[in-house]
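Residue-level structural notes
In case you want the letters, here they are:
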Amino acid sequence: MDRFLSASRWLVCFLLLPIIFSCTTAPISGRSQFILISEDQEIALGLKAYQDFLGKAKLSQDAKTNSFVEGVGKNIAAVADKPQYAWEFKVVDDAKVVNAFALPGGKVVVYTGILPYSKDEAGLAFLISHEVGHVIARHGGERISRELVLQLGLEGLNAAIANKSPAAVQGINQAYGVAATLGVLLPFTRSQEVEADRIGLILMAKAGYDPREAPKFFERMMKSDEGKTSVPEFLSTHPADETRLLRLNEFIPEAMKYYQSK
Ligand SMILES: [Zn+2]
């Protein structure tokens with residue numbers, strides 16, 4: 001069965017690809033991906049979703065918080081190897097929303113409600129680099145390809161993306177965890193979470209933040225979840241459990257090779 005799948009994948013990637021879509025490889029992990037939309041299309045949709053979001057969001061007016069988040073964000077962006085992205089880091093003033101997300105093209109949003117959990121500079125560095133990991137590995141592109149093509153068919157998908165239709169923008173919102181205003185939570189898959197953790201650890205290490213601090217962010221987040229009826233949005237869109245925490249710890253030695261303290 002595996003051999004059959006890889007043979008058909010080869011057929012699709014190398015024979016049909018030039019016509020319709022491209023096969024890509026995720027950074028760091030080298031995992032093969034099946035993505036039906038181009039990176040440029042994804043960036044354009046991400047920008048539209050970001051502008052729509054900013055039109056409704058209440059941004060923080062606290063200069064200290066803004067420069068804290070922006071400073072850490074810029075350090076991560078500097079090692080993300082995406083010079084074509086116009087990186088921006090915004091803070092939304094809402095203590096009740098425990099969430100953060102990043103959109104294609106390098107737009108990152110952090111809610112004030114998650115800052116007690118990220119707690120310090122290294123914790124925030126992991127939070128941001130994990131989100132950046134989802135974006136540079138194009139996890140939303142994978143998801144939107146799968147879901148929208150089921151809903152709309154390939155032709156419908158292309159039309160929706162070309163027009164930046166509300167369905168396509170909503171698809172990007174859901175695919176990248178811009179959940180707060182939508183009421184629809186689509187979690188990343190477990191393998192995407194593990195991949196974003198691994199990329200995130202390496203990015204934070206390259207930027208000079210100690211990757212050994214990353215598990216503490218999760219421990220704080222998971223502890224807050226105990227005995228509560230409502231799960232923090234971040235955990236709804238980024239599922240975490242003991243297994244994920246174990247994997248995160250397994251990746252730390254790899255990340256330490258890139259780490260030089262400031
Ligand atoms: Zn995640």
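Thresholds applied
- Residues numbered from 1 in each chain as written.
- Predicted model: local features only at pLDDT ≥ 70, side-chain atom pairs only at ≥ 80, totals over all residues.
- pLDDT = per-residue confidence, 0-100.
- Contact = placed C-beta atoms within 7 Å.
- Helix = DSSP H or I, 4+ residues; strand = E, 2+ residues; numbered from the N terminus.
- Expected span 1.5 Å × (residues − 1).
- Core = buried A, V, L, I, M, F, W, Y, C linked by C-beta atoms within 7 Å.
- Buried ≥ 20, exposed ≤ 12 C-beta atoms within 10 Å, placed from the backbone.
- Axes fitted to C-alpha atoms, helices over the stretch in contact; angles between N-to-C directions.
- Left-handed = near helix turned anticlockwise from the far one by under 90°.
- Parallel < 35°, antiparallel > 145°, perpendicular 65-115°, else oblique.
- Nonpolar A, V, L, I, M, F, W, Y, C, P; charged D, E, K, R; others polar.

Time to look at the confidence of the model for the protein chain. When pLDDT is averaged across the protein chain, the result is 87; 86% of the residues are at 70 or more. Taken together, the stretch residues 14-20 has pLDDT below 50 and engages in 4 contacts with residues farther than four places along the chain or on a different chain.

This brings us to helix α3 (residues 63-77). Residues that lie three or four places apart on an α-helix share one face, since the helix turns once every 3.6 residues. Here α3 spans 20 Å end to end across 15 residues, near enough to the 21 Å set by a 1.5 Å rise per residue. Considering only its buried residues, α3 is in contact with β3 (88-92), β5 (107-111), α5 (121-136) and α8 (190-206).

Ile76, Ile114, Ala125, Val132, Ile172 and Met204 are the most contacted members of the largest nonpolar core, which has 64 residues in total. The element best represented in this core is α5, accounting for 9 residues. When near neighbours in sequence (up to four residues on either side) are disregarded, Val132 contacts Ile76, Ala80, Ala102, Val108 and Leu203.

A few words now on the environment of Leu59. Relative to the elements of secondary structure, Leu59 occurs in the loop between α2 (39-56) and α3. Sequence-wise, Leu59 and Val110 are 51 residues apart; in three dimensions their C-alpha atoms are separated by 9.9 Å. Excluding residues that lie within four positions of it along the chain, Leu59 makes contacts with Lys90, Val91, Val92 and Asp93.

It is worth spelling out the packing of α8 against helix α11 (residues 242-256) at this point. When two helices pack together, you describe them by how their axes are tilted relative to each other and by the distance separating the axes. Running from N to C, α8 and α11 point in directions that differ by 35 degrees, and their axes come no closer than 9 Å. Crossing hand, α8 versus α11: right-handed. Residues Glu193, Val194, Asp197, Arg198, Leu201, Ile202 and Ala205 of α8 touch α11, and the partners they reach there are Arg244, Arg247, Leu248, Phe251, Ile252, Ala255 and Met256.

Below, the discussion takes up α2. Between the first and last C-alpha of α2 there are 26 Å, a value that for 18 residues agrees with the 26 Å anticipated at 1.5 Å per step. Tucked into the core, α2 has its buried residues touching β4 (100-103), β5, α6 (139-162) and α7 (166-175).

A separate point is the packing of α5 against α8. α8 packs onto α5 with a crossing angle of 120 degrees between their chain directions and a minimal axis gap of 7 Å. The angle between the axes of α5 and α8 places the two elements in the oblique class. Considering the relative orientation of α5 and α8, their crossing is right-handed. On α8, the residues touching Ala125, Phe126, Ser129, His130, Val132, Gly133, His134 and Ile136 of α5 are Gln192, Glu195, Ala196, Asp197, Ile199, Gly200, Leu203 and Met204. A class-by-class count of the residues in the contact of α5 with α8 yields 8 nonpolar, 6 polar and 2 charged.

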